[in-house]
Amino acid sequence: MTTWVISDLHLCAQRPAVTQAFLHWLHTEVSQAKALYILGDFFEVWVGDDLLQDAEHGHEFLPVIEALRALSTQGVQLYLMHGNRDFLIGDAFAQACGLTLLTDPVQVQLAEKSILLSHGDALCTDDVAYQQFRQQVRSPAWQQAFLSQPLAARIAFAQNARQQSAQNKASQSMHIMDVNADAVAQLIRDHQYPEVLLHGHTHRPAVHALTVDGHACERWVLGDWHETAVVARLDAQTMQLVTLSL
Ligand code: LP5
Ligand code: MN
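As the structure is a prediction and not an experimental result, all values here were calculated from the model. (Residues numbered from 1 in each chain as written. Chains lettered and ligands numbered in written order. Predicted model: local features only at pLDDT ≥ 70, side-chain atom pairs only at ≥ 80, totals over all residues. Heavy atoms only, no water.)

Novice: I tried to follow the overall build of the chain on my own but got confused; where do I start?
Specialist: Along its length, the chain carries seven helices and eleven strands. Relative to the globule expectation of 18 Å for 246 residues, the C-alpha radius of gyration of the chain, 18 Å, shows essentially globular dimensions. Here the C-alpha coordinates of the chain stretch approximately 55 × 45 × 30 Å along the principal axes. Counting only residues that meet the buried cut, the chain has 48% of its 246 residues in that class. Relative to all contacts within the chain whose residues are 6 or more apart in sequence, the contacts with residues 24 or more apart total 64%. On the chain, roughly 12,000 Å² of surface is accessible, and the fraction owed to carbon and sulfur atoms is 51%. (Helix = DSSP H or I, 4+ residues; strand = E, 2+ residues; numbered from the N terminus. Rg over C-alpha atoms; globule rule 2.2 N^0.38 Å. Buried < 20%, exposed > 50% of the residue type's maximum accessible area, 1.4 Å probe, protein only. Contact = heavy atoms within 4.5 Å. Areas by Shrake-Rupley, 256 points an atom, 1.4 Å probe, with all protein chains shown as cover.)

This is the structure we're talking about:
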């Protein structure tokens, strides 16, 4: 049976075609599968699960939640890991969808391989400004304070943060925004040398071969869902990157 691993959909009301393509893919492919892993940046931004009850925004997410819930009820295992855009997804959202939240990173055994799953942002250690931001917003104290603000204020904060981030990125080198080789090696070492590290975030789909302390490893990178989507398909013994047209 097939397991799919995806990331970086960046679902939002401004790009309804991506949501439609995702829903269609859930229906045609994932409904036949054993499991689906979503490795973060599922949403463009997520400012808290109370979005679901909001009169203005709540309805945007209903088709996705209902489709995931239907798959879960049908027996497809659903997993979600946070990305840098949706780290505020919480238990209420997970319950509504019938999915299990995973803590980054997580090790699984699939296609006869030990595979470490991660969003990938924590590996971009050359991006010092981002790592400082990450440390701040992943702290429980910051999250509690942020979530206690009114929804409208949080949406405004997120818009502001998006603008600042886009400006930052425009002046930052591509190299700095990629994963750091030492951080990759350390993660692999810390997890007893999995055969594969599978992550998203950088939107640079590829398979990289590397060696850590004499152990062969592959780093598989998923793509975003922009013009096409690059996802991983894992069967009993095989693993491949698959490009979906959107
Ligand atoms: O996301 P992307 O692809 O643009 O770039 C990321 C890094 N940036 C981020 C920031 C997010 O995009 C912001 C949106 C998250 C919304 C979450 C919910 C609400 C939280 C609200 C927070 C106030 O992840 C970018 C990396 C890049 O990936 C490549 O790896 O370089 O990192 C940066 O740009 C670092 C900056 O320091 C981030 C600064 C964000 C601004 C925070 C202050 C906003 C306060 C507004 C006050 C009025
Ligand atoms: Mn990301």
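There's plenty left to go through after this.
Novice: Help me understand the packing of helix H1 (residues 16–28) against helix H2 (residues 62–74) in this model?
Specialist: To describe two helices that pack against each other, one gives the angle between their axes and the distance between the axes. As a packed pair, H1 and H2 sit with axes 10 Å apart at the nearest point and diverge in direction by 10°. Regarding the angle of H1 to H2, the classification is roughly parallel. Relative to H2, H1 is oriented so that their crossing is left-handed. Listed contacts from H2 to Thr19, Phe22, Leu23 and Leu26 of H1 are Pro63, Val64, Ala67, Leu68 and Leu71. Classifying every residue of the contact of H1 with H2 gives eight nonpolar, one polar and no charged. (Axes fitted to C-alpha atoms, helices over the stretch in contact; angles between N-to-C directions. Parallel < 35°, antiparallel > 145°, perpendicular 65-115°, else oblique. Left-handed = near helix turned anticlockwise from the far one by under 90°. Nonpolar A, V, L, I, M, F, W, Y, C, P; charged D, E, K, R; others polar.)

Novice: Quick question: what am I supposed to make of the site of ligand 1 here?
Specialist: Near ligand 1 you find 22 residues, and of these Arg85, Asp127, Arg162, Ser165 and Lys169 are the closest. With respect to ligand 1, the side chain of Asn84 contributes an N or O atom lying 2.8 Å from an oxygen atom. Asn168 has a polar side-chain atom sitting 3.2 Å from an oxygen atom of ligand 1. Contact with the protein chains covers 85% of the free accessible surface of ligand 1, which is 990 Å². For the shell around ligand 1, the secondary structure elements donating two or more residues are helix H4 (128–137), helix H5 (140–147) and helix H6 (151–170). (Near = heavy atom within 4 Å. Polar contact = N/O pair within 3.5 Å; in protein donor to acceptor, adjacent residues only side chain to side chain.)

Novice: Even after reading the chapter, I still don't get H1, so can you show me in this structure?
Specialist: In an α-helix there are 3.6 residues to a turn, and that puts residues three or four apart on one side. Relative to the 18 Å expected for 13 residues at 1.5 Å per residue, H1 spans 18 Å between its end C-alpha atoms, a close match to the ideal helical length. Where H1 is concerned, the buried positions are Val18, Thr19, Ala21, Phe22, Leu23, Trp25 and Leu26. Summarising the contacts, the buried residues of H1 are in contact with strand E1 (3–6), strand E2 (35–38), H2 and strand E11 (239–245). (Expected span 1.5 Å × (residues − 1).)

Novice: How should I be thinking about the pairing of E1 in this particular structure?
Specialist: Along any regular strand, the residues point their side chains to alternate faces of the sheet. Along E1, one buried face is formed by Thr3 and Val5 and the opposite face, lined by Trp4 and Ile6, is buried too. One ladder, built from four bridges, connects E1 with E2; its direction is parallel. For Ile6, the partnering residue across the bridge sits in E2 and is Ile38. A crossover links E1 with its parallel partner E2, the connecting element being H1, and its sense is right-handed. Of the pairings in the sheet, the one linking E1 to strand E10 (residues 228–234) comprises three bridges and is antiparallel in character. The residue bridging Trp4 from the neighbouring strand is Arg233, located in E10. (Pairing = 2+ DSSP bridges. Right-handed = clockwise from strand over helix to strand, strands pointing away.)

Novice: Looking at this structure, I do not really get the pattern of salt bridges. What am I missing?
Specialist: Side-chain pairing between opposite charges can occur once the charged atoms of the two side chains come close. Per the stated rule, a full pass over the model turns up eight salt bridges. For the salt bridge of Arg85 with Glu44, the shortest nitrogen-to-oxygen distance reads 3.2 Å. Of this pair, Arg85 sits in the loop between strand E3 (77–81) and helix H3 (91–97) while Glu44 sits in the loop between E2 and H2, and the two are 41 residues apart along the sequence. This pair shows no difference in class: Arg85 is buried, exactly as Glu44 is. Ionic pairing is found between Arg134 and Asp121, a salt bridge with its closest N-O pair at 2.8 Å. Here the residue Arg134 occupies a position in helix H4, and Asp121 occupies one in the loop between strand E6 (113–118) and H4, the gap between them amounting to 13 residues. Overlapping salt bridges, with partners in common, bring together Arg15, Glu44 and Arg85 in one network. (Salt bridge = Lys/Arg side-chain N within 4 Å of Asp/Glu carboxyl O.)

Novice: What is the right way to read unusual backbone geometry from this model?
Specialist: Trans is the prevailing form of peptide bonds, just as negative phi is the prevailing case for residues other than glycine. Cis geometry is found at the peptide bond from Asp104 to Pro105, where omega equals 0°. Along the chain, Pro105 falls in the loop between strand E4 (100–102) and strand E5 (106–110). For His10, which is not glycine, the phi torsion reads 55° and is therefore positive. Relative to the helices and strands, His10 is located in the loop between E1 and H1.

These results come straight from atomic positions and should not be treated as a statement about function.
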